[in-house]
Amino acid sequence: MNKKEMVVNPYNVEGEVNYERLVKEFGLEKIDDKILKKIKKRAGEIHPALRRGIFFAGRDLNWVLDEYEKGNKFFLYTGCGPSGPIHIGHLMVWYFTKWLQDKFDCELYFQFTDDEKFLYKNLSYEEIQKWVEENMLDVVAVGFNPKKTHFIIDTKHAGIMYPEAIKVAKKVTFSTIKASFGFNESNNVGSIFYTAMQAVPAFLPCVLKKKKMPCLIPHAIDQDTHFRLTRDILPKLGYYKPASIQCSFLPPLGGLNGKMSSSEEIKGILSTDNANEVKNKINKYAFSGGGATIEEHKKSGGNPEIDVSFQYLKYLFEEDDNKLREIEKDYKSGKMLTGELKKYTIEKINGFLAKHQERRKNAKNIISQYILKA
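Residues numbered from 1 in each chain as written. Predicted model: local features only at pLDDT ≥ 70, side-chain atom pairs only at ≥ 80, totals over all residues. Heavy atoms only, no water.

Things to note about helix 13 (residues 275-285)
Okay, so step 1: Of the positions making up helix 13, those classed as buried are Val278, Lys281 and Ile282. The buried residues of helix 13 occupy one face: seen down the axis, they fall within an arc of 95°. In helix 13, those exposed residues whose orientation departs by more than 90 degrees from the buried face are Asn276 and Lys284.
Okay, so step 2: Summarising the contacts, the buried residues of helix 13 are in contact with helix 15 (308-317) and helix 17 (338-363).
Okay, so step 3: Backbone nitrogen of Asn276 and a side-chain oxygen of the N-cap are separated by 3.1 Å at the start of helix 13; the cap is Asn274. (Buried < 20%, exposed > 50% of the residue type's maximum accessible area, 1.4 Å probe, protein only. Helix = DSSP H or I, 4+ residues; strand = E, 2+ residues; numbered from the N terminus. Arc of directions from axis to C-beta. Contact = heavy atoms within 4.5 Å. Polar contact = N/O pair within 3.5 Å; in protein donor to acceptor, adjacent residues only side chain to side chain.)

Comments concerning the pattern of salt bridges
Okay, so step 1: One pass over the full model with this rule turns up 25 salt bridges.
Okay, so step 2: The shortest N-O distance in the salt bridge between Arg59 and Asp224 comes to 2.7 Å. Of this pair, Arg59 sits in strand 4 (residues 55-59) while Asp224 sits in helix 12 (residues 224-233), and the two are 165 residues apart along the sequence.
Okay, so step 3: Residue classification places Arg59 among the buried positions, given a relative accessible area of 8%.
Okay, so step 4: Note that Asp60 and Arg231 form a salt bridge whose closest N and O atoms lie 3.0 Å from each other. With a gap of 171 residues between them, Asp60 in the loop between strand 4 and helix 4 (61-69) and Arg231 in helix 12 connect regions that are remote in the sequence.
Okay, so step 5: Given a relative accessible area of 21%, Asp60 falls into the partly exposed group.
Okay, so step 6: For Arg231, a relative accessible area of 12% corresponds to the buried category.
Okay, so step 7: Each of Glu5, Arg21 and Glu25 takes part in salt bridges that share partners, so that together they form one network. (Salt bridge = Lys/Arg side-chain N within 4 Å of Asp/Glu carboxyl O.)

Describing the packing of helix 15 against helix 16 (residues 321-333)
Okay, so step 1: Where helix 15 meets helix 16, the closest approach of the two axes is 11 Å, and the angle between their N-to-C directions is 165°. Taken together, the axes of helix 15 and helix 16 lie roughly antiparallel to each other. Here helix 15 runs over helix 16; the crossing is left-handed. Facing helix 15, whose interface residues are Phe310, Leu313 and Lys314, helix 16 presents Leu324, Ile327 and Glu328.
Okay, so step 2: In terms of residue class, the contact of helix 15 with helix 16 is built from four nonpolar, no polar and two charged. (Axes fitted to C-alpha atoms, helices over the stretch in contact; angles between N-to-C directions. Parallel < 35°, antiparallel > 145°, perpendicular 65-115°, else oblique. Left-handed = near helix turned anticlockwise from the far one by under 90°. Nonpolar A, V, L, I, M, F, W, Y, C, P; charged D, E, K, R; others polar.)

Structural notes on unusual backbone geometry
Okay, so step 1: In this structure, Asp105 takes a positive phi of about 50° despite not being glycine.
Okay, so step 2: Looking at the secondary structure, you find Asp105 in the loop between helix 5 (88-104) and strand 6 (108-112).
Okay, so step 3: For Lys210, which is not glycine, the phi torsion reads 55° and is therefore positive.
Okay, so step 4: Note on placement: Lys210 falls in the loop between helix 11 (204-209) and strand 8 (215-220).
Okay, so step 5: With a relative accessible area of 76%, Lys210 lands in the exposed category.

Some words on the packing of aromatic side chains
Okay, so step 1: Within the structure shown, the criterion is met by 26 aromatic pairs.
Okay, so step 2: Relative to Tyr370, the ring of Phe151 lies with its centre 5.2 Å away and its plane at 25°, an arrangement referred to as stacked. Here Phe151 is found in strand 7 (residues 149-153), whereas its partner Tyr370 is found in the segment after helix 17, with 219 residues between them in sequence. Each member of the pair Phe151 and Tyr370 is classed as buried.
Okay, so step 3: An aromatic cluster is present here, built from Trp94, Phe110, Phe112, Phe144, Phe151 and Tyr370 joined pairwise through their rings.
Okay, so step 4: The ring of Tyr240 carries Lys212 above its face, with NZ or CZ at 4.7 Å from the centroid.
Okay, so step 5: Seen from the ring of Phe26, Arg228 lies directly overhead, with NZ or CZ sitting 4.5 Å from the centre. (Phe/Tyr/Trp six-rings, centres within 6.5 Å; stacked < 30°, edge-to-face > 60°. Lys NZ or Arg CZ within 6 Å of the ring centre and 35° of its normal.)

This is how it looks when you write it as structure tokens:
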């Protein structure tokens, strides 16, 4: 059986993802010790996702950190495509973004791309708006600073977004969009225009504040195409190229290829899953790197690199490096069984989600504090 060819873009992730190859093909810079030292100097620590190479590459990170040292503080930009429930892959990026906001004391512009999802998904405008409201609850529950966090809803903020988007759009040709995203004549005209809207938050704060400022975009690597185009265009409009810090994909339950999704038949772990739902999903669907039998596992050990439960601990749910190393060692040696690893992972996920869901319950009362006033 032939392996699926690797495809990684904002609208499709297929095949076995080779991150080294993507770094070369996308022209990314790997995060090295020099960058980590700069981050630690200012933040006082290194986030587990950086220590473990989960956020592993970026663009202009040295530059944006140097600017910060000079007093030219960057702002953060990330977002959400509201077309379904939030899963732990989304949360991983957002909790890391919160860490950046806290450590660097910076503003965050968070974009809800309701226009994009309406154009690309078989959902009504009204359905998309319901998901905007639901997804906002999760973003607020992350705990971003309401005084320094600004929600942008593309259709609701069209009055300030559209005048800037057309400036971007004027600099982008249809042939560039076709080559970048694999589009053809059957794509609707809105989808062809959309990337101009996604570019806007990378310089909108500069427009609003009438000040040239650096931008840092934390995101998963599949979104890189949008921001490569953004980087090409913004200097032509008189703004800095946005810097980025990019992560690998939290694996789907069924195995390490691709990324977690909330639209697949076997959904990922959702932010709203209760303790039993998490338990059932991990026990039933989480791909195991263990031996075929207990005897075989005890004799030969397991492979944590392909074990989804271990990867979830590594990506988000076990902050203690020593504990993670202990689990890895015990699993490799066969001392820890797959069932024991799954049980521990279930406990960690449920502990994390219980706190998130408690904050989510109260989020509706404070959403208005986050929506950009402009």
